Amino acid sequence: MNIKEVLDRSEEYLKKHDISTPRLDSEVLLADLLGMERIKLYVNYDYPLKSNELDEFRTRIKKRAERLPAAYITGKKEFMSLELMVNEGVLLPRPETENLVEEVIEFCETEELSAPHIVDVGTGSGAIMVSLGYYLKESRILGIDISRAAVQVARENIKKYELETRLKVIRGDLLNSLIKRGKANVDIVVSNPPYIRDSMMKKLPPEVKKEPRRALEGGDKGLDYYTRLIPQARKVLNRGGVLMLEIGSQQADDVGDMLAEWKKVEVIKDNRGQDRIIRARIED
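What counts and how
- Residues numbered from 1 in each chain as written.
- Predicted model: local features only at pLDDT ≥ 70, side-chain atom pairs only at ≥ 80, totals over all residues.
- Heavy atoms only, no water.
- Helix = DSSP H or I, 4+ residues; strand = E, 2+ residues; numbered from the N terminus.
- Expected span 1.5 Å × (residues − 1).
- Contact = heavy atoms within 4.5 Å.
- Polar contact = N/O pair within 3.5 Å; in protein donor to acceptor, adjacent residues only side chain to side chain.
- Buried < 20%, exposed > 50% of the residue type's maximum accessible area, 1.4 Å probe, protein only.
- Patch = residues over 30% accessible without salt bridge, like charges linked within 9 Å, V, L, I, M, F, W, Y side chains within 5 Å.
- Areas by Shrake-Rupley, 256 points an atom, 1.4 Å probe, with all protein chains shown as cover.
- Salt bridge = Lys/Arg side-chain N within 4 Å of Asp/Glu carboxyl O.
- Lys, Arg positive; Asp, Glu negative; His and termini not counted.
- Axes fitted to C-alpha atoms, helices over the stretch in contact; angles between N-to-C directions.
- Left-handed = near helix turned anticlockwise from the far one by under 90°.
- Nonpolar A, V, L, I, M, F, W, Y, C, P; charged D, E, K, R; others polar.
- Phe/Tyr/Trp six-rings, centres within 6.5 Å; stacked < 30°, edge-to-face > 60°.

A.B. asks: Looking at this structure, how should I read helix α8 (residues 148–160)?
C.D. replies: An α-helical segment advances 3.6 residues per turn. Residues three or four places apart therefore align on the same side. Given a rise of 1.5 Å per residue, 13 residues ought to cover 18 Å, and the 19 Å separating the end C-alpha atoms of α8 matches this to within 8%. Residues of α8 that are buried in the fold lie against β2 (82–85), α7 (127–135), β4 (140–145) and β5 (167–171). Between a side-chain oxygen at the N-terminus of α8 and the backbone nitrogen of Ala149 the separation is 3.3 Å; the capping residue is Ser147.

A.B. asks: Can you walk me through unusual backbone geometry in this structure?
C.D. replies: Excluding glycine, residues mostly have negative phi values, and the peptide bonds linking residues are mostly trans. Residues other than glycine seldom take positive phi values, yet Met80 does so here, at roughly 55°. Position of Met80 relative to the elements: it lies in the loop between β1 (76–79) and β2. The buried category is assigned to Met80, whose relative accessible area is 11%. One non-glycine residue, Leu174, adopts positive backbone phi at about 50°. The topology assignment puts Leu174 in the loop between β5 and α9 (176–181).

A.B. asks: What's the story with a nonpolar patch on the surface in this structure? I'm lost.
C.D. replies: Taken together, Ile39, Tyr42 and Val43 make up a surface patch of nonpolar side chains, about 320 Å² in accessible area. Structurally, the position occupied by Ile39 is in helix α3 (residues 38–43).

A.B. asks: Got a minute to help me understand the side chain of Thr123 in this structure?
C.D. replies: Tracing the chain through its elements places Thr123 in the loop between β3 (117–121) and α7. Ignoring anything within four residues of it in the chain, the contact list for Thr123 reads Met129, Gly143, Ile144, Asp145, Ala154 and Val169.

A.B. asks: Explanation requested: the environment of Leu7 in the structure shown.
C.D. replies: Take Leu7: it is sitting in helix α1 (residues 3–16). The exposure class assigned to Leu7 is buried, which follows from its relative accessible area of 0%. For the pair Leu7 and Gly182, spaced 175 residues apart in the sequence, the C-alpha separation amounts to 57 Å. Once you skip the residues sitting within four places of it in the chain, Leu7 turns out to touch Arg23, Ser26, Glu27, Leu30, Leu41 and Tyr45.

A.B. asks: Is there a simple way to explain the pattern of salt bridges in this structure?
C.D. replies: Side-chain pairs of opposite charge can arise whenever the charged atoms involved come near each other. On inspection of all chains with the given rule, the structure shows 23 salt bridges. The closest approach of N and O atoms between Glu27 and Arg38, which form a salt bridge, is 2.9 Å. Linking Glu27 in helix α2 (residues 22–34) with Arg38 in helix α3, this pair joins segments that are 11 residues apart in sequence. Given a relative accessible area of 39%, Arg38 falls into the partly exposed group. Salt-bridge contacts for Asp173 lead to Arg228; the nearest nitrogen and oxygen are separated by 2.7 Å. Here Asp173 is found in the loop between β5 and α9, whereas its partner Arg228 is found in helix α11 (residues 224–236), with 55 residues between them in sequence. Linked by salt bridges that have partners in common, Lys4, Asp8, Glu11, Glu12, Lys15, Arg23, Glu27 and Arg38 make up one network.

A.B. asks: Even after reading the chapter, I still don't get the side chain of Asp187, so can you show me in this structure?
C.D. replies: Relative to the assigned elements, Asp187 resides in strand β6 (residues 186–191). Of the side chains with opposite charge, Arg140 comes closest to the buried, unpaired Asp187, at an N-O distance of 5.3 Å. Within polar-contact distance, the side chain of Asp187 engages the side chain of Asn238 at 3.1 Å.

A.B. asks: When you look at α11 in this model, what are you seeing that I'm missing?
C.D. replies: Those residues of α11 not exposed but buried are Tyr226, Leu229, Ile230, Gln232, Ala233 and Val236. In the core, the buried residues of α11 are packed alongside β3, α9, β6, β7 (237–246) and α12 (252–258).

A.B. asks: Where do I start with the packing of helix α6 (residues 95–110) against α7 in this structure?
C.D. replies: Angle between the axes and distance between the axes are the two parameters that describe a pair of packed helices. Contact geometry of α6 with α7 gives a least axis separation of 10 Å together with a crossing angle of 35°. Note that α6 runs across α7; the crossing there is right-handed. Along its contact with α6, which presents Thr97, Leu100, Val101, Val104 and Ile105, the element α7 presents Ile128, Ser131, Leu132 and Tyr135. Here the residues of the contact of α6 with α7 are counted per class, giving 7 nonpolar, 2 polar and no charged.

A.B. asks: I would appreciate a short explanation of the packing of aromatic side chains in the present structure.
C.D. replies: When we look at a pair of aromatic rings, we describe it by the centre distance and by the angle of the planes. According to the stated counting rule, one finds 3 aromatic pairs in the structure shown. For the ring pair Tyr134 and Tyr135, a centre distance of 4.9 Å and an interplane angle of 85° mean the geometry is edge-to-face. With a relative accessible area of 30%, Tyr134 lands in the partly exposed category. Classification of Tyr135 by relative accessible area gives partly exposed; the value is 35%.

The structure is reproduced here in structure tokens:
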């Protein structure tokens, strides 16, 4: 079978299993398997797949039909134009979280923070911290995650982009480890915490249910992590320091109430016009 035949058959197979983007997913999985860009599939339609390539591709398509996200199958996910390693132990980076990274970068540029000390809480795959470290060339960043699997993935992504001298990730529960050490000298605390309400967990798409539950579930109102993290951030931030949080689209008021004692609280919308980021500052 050649590339065209394989793609046509896999597309039909995925359609029968209610996959919303059957052709795209087929192309992504095959291009990754063959080590070529997706566009190259079209100029190599007549390329005959070897038997071992066919066997591996069938395995991949079967996993996708079982609703395993394509990124878990390939082990890769693009974020902020960087290719990151992912596996089933970490939440897949979302496009809306790129807005959070962009806001941190813009803040550093506006405030002329050339070498900010940043802490990324719940770092997961390291998407936020690796992106910030890559684009903020003199930043020093600590990532914290309670998951051993996530810490390992984040370390691999740090190593991939040769950021080990400025970026470090540790296992911990929110900011507890920093608080115990005393003065932390942190300019920015950034986090994309779990914020899905318990009642919504059963309603998530099958693909999302394949992701780590602990990285999604935010308690009865989806606010459990904000309740803990916000007061902790006050203890580690320098005067004038900033807390930047990703939030659910309906959570701005509730999270804003938790920030009543902070200064310059601002809600920022994402590229789809939904509330997505809340930023607050410790007193100058």
